[in-house]
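Chains, contacts and geometry: an overview
These are the residues of each chain, in order.
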Amino acid sequence: MTDPRIIDLQKSGNCEKAFNAIVDSYSERLYWHVRRLTGSHEDTNDVMQDIFLKIWKGLPSFRGDSHIFTWIYRIATNETMNHLQRKKGKAGLDVEVADAVLSGRIDDDPYFNGDSLQRELHKAIQGLPHKQKLVFNLRYFDEMKYEDISEITGTSVGALKASYHHAYNKIKERLEKIFIH
């Protein structure tokens, strides 16, 4: 279902149908967005429940000031980042150690079915600072425009381009060290 149709359903007071359309239209994309950030199928499932609960609660008050997909992605991104911060806090890990743990999860993930290059790419992405990881994932995997990413993250387009450029160079450097040298 198209976003304008979802908004029409929501504005006409049919939030249940609008919510079901959101779930049908965005579940898979959101799953992979969250999964790339958490690195874990189990964590992703936990976060997805929180995301859809927040969408359900917020849908009646959605004003349409933004596109529905950027509103949903903003919720998903914020919930994922909050989850990761809570998890780091509970484990008593500093940021670098927590990122190393996330990177190591890829090797232990029974659901990962990529080749060695894909595995190393995902490990390199997990090793990025959070903002760079987020921007890289939204731009590279979700193929979003910088303007949409700006709406999701509240960051200027120029800063997003710089973050993507830095992320790209870090990933390239890591993969070259592994596969070229």
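Quick summary incoming for the structure in this document. (Residues numbered from 1 in each chain as written. Predicted model: local features only at pLDDT ≥ 70, side-chain atom pairs only at ≥ 80, totals over all residues. Heavy atoms only, no water.)

This part is about helix α8 (residues 146-153). Restricting attention to buried positions, one finds in α8 the residues Tyr146, Asp148, Ile149, Ser150 and Ile152. Taken from the residues just after α8, Gly154 is the one with a positive phi, measuring 75 degrees. (Buried < 20%, exposed > 50% of the residue type's maximum accessible area, 1.4 Å probe, protein only. Helix = DSSP H or I, 4+ residues; strand = E, 2+ residues; numbered from the N terminus.)

Another aspect to go through is the pattern of salt bridges. Taken as a whole, this structure holds 7 salt bridges when the rule is applied. Arg36 is the salt-bridge partner of Asp142, the closest N and O atoms lying 2.8 Å from each other. Remark: Arg36 occurs in helix α2 (residues 15-38) and Asp142 occurs in the loop between α7 (130-141) and α8; sequence separation between them is 106 residues. Assessed through its relative accessible area of 15%, Asp142 is described here as buried. Judged by its relative accessible area of 12%, Arg36 falls in the buried class. The partner of Lys54 in a salt bridge is Glu79, and the shortest N-O contact between them spans 2.9 Å. Placement of the pair is Lys54 in helix α3 (residues 41-58) and Glu79 in helix α4 (residues 68-91), with a sequence separation of 25 residues. What makes Lys54 partly exposed here is its relative accessible area of 43%. Several salt bridges converge on common partners, so that one network encompasses Glu120, Lys123 and Arg174. (Salt bridge = Lys/Arg side-chain N within 4 Å of Asp/Glu carboxyl O.)

We now examine the nonpolar core. Of all hydrophobic cores here, the largest spans 46 residues; its most connected members are Ile22, Leu30, Ile51, Ile55 and Ile68. Taken together, the elements giving at least two residues each to this core come down to α1 (3-11), α2, α3, α4, α6 (116-126), α7, α8 and α9 (157-179). For this core, the leading source of residues is α2, giving 10 residues. Setting aside its immediate chain neighbours within four residues, Ile68 contacts Asp3, Ile6, Ile7, Ile22, Tyr26 and Phe62. (Core = buried A, V, L, I, M, F, W, Y, C linked by side-chain atoms within 4.5 Å. Contact = heavy atoms within 4.5 Å.)

Along its 12 residues, α7 runs 16 Å from first to last C-alpha, staying within 8% of the 16 Å computed at 1.5 Å per residue. Taken together, the buried positions of α7 are His130, Gln132, Lys133, Leu134, Val135, Phe136, Asn137 and Leu138. (Expected span 1.5 Å × (residues − 1).)

What follows is about the packing of α7 against α8. Their axes nearest at 10 Å, the elements α7 and α8 cross at an angle of 135 degrees. The angle between α7 and α8 falls in the class oblique. In terms of crossing hand, the pair formed by α7 and α8 is right-handed. Contact residues: α7 offers Lys131, Leu134, Val135, Leu138 and Arg139, while α8 offers Tyr146, Ile149 and Thr153. Of the residues in the contact of α7 with α8, the class split is 5 nonpolar, 1 polar and 2 charged. (Axes fitted to C-alpha atoms, helices over the stretch in contact; angles between N-to-C directions. Parallel < 35°, antiparallel > 145°, perpendicular 65-115°, else oblique. Left-handed = near helix turned anticlockwise from the far one by under 90°. Nonpolar A, V, L, I, M, F, W, Y, C, P; charged D, E, K, R; others polar.)

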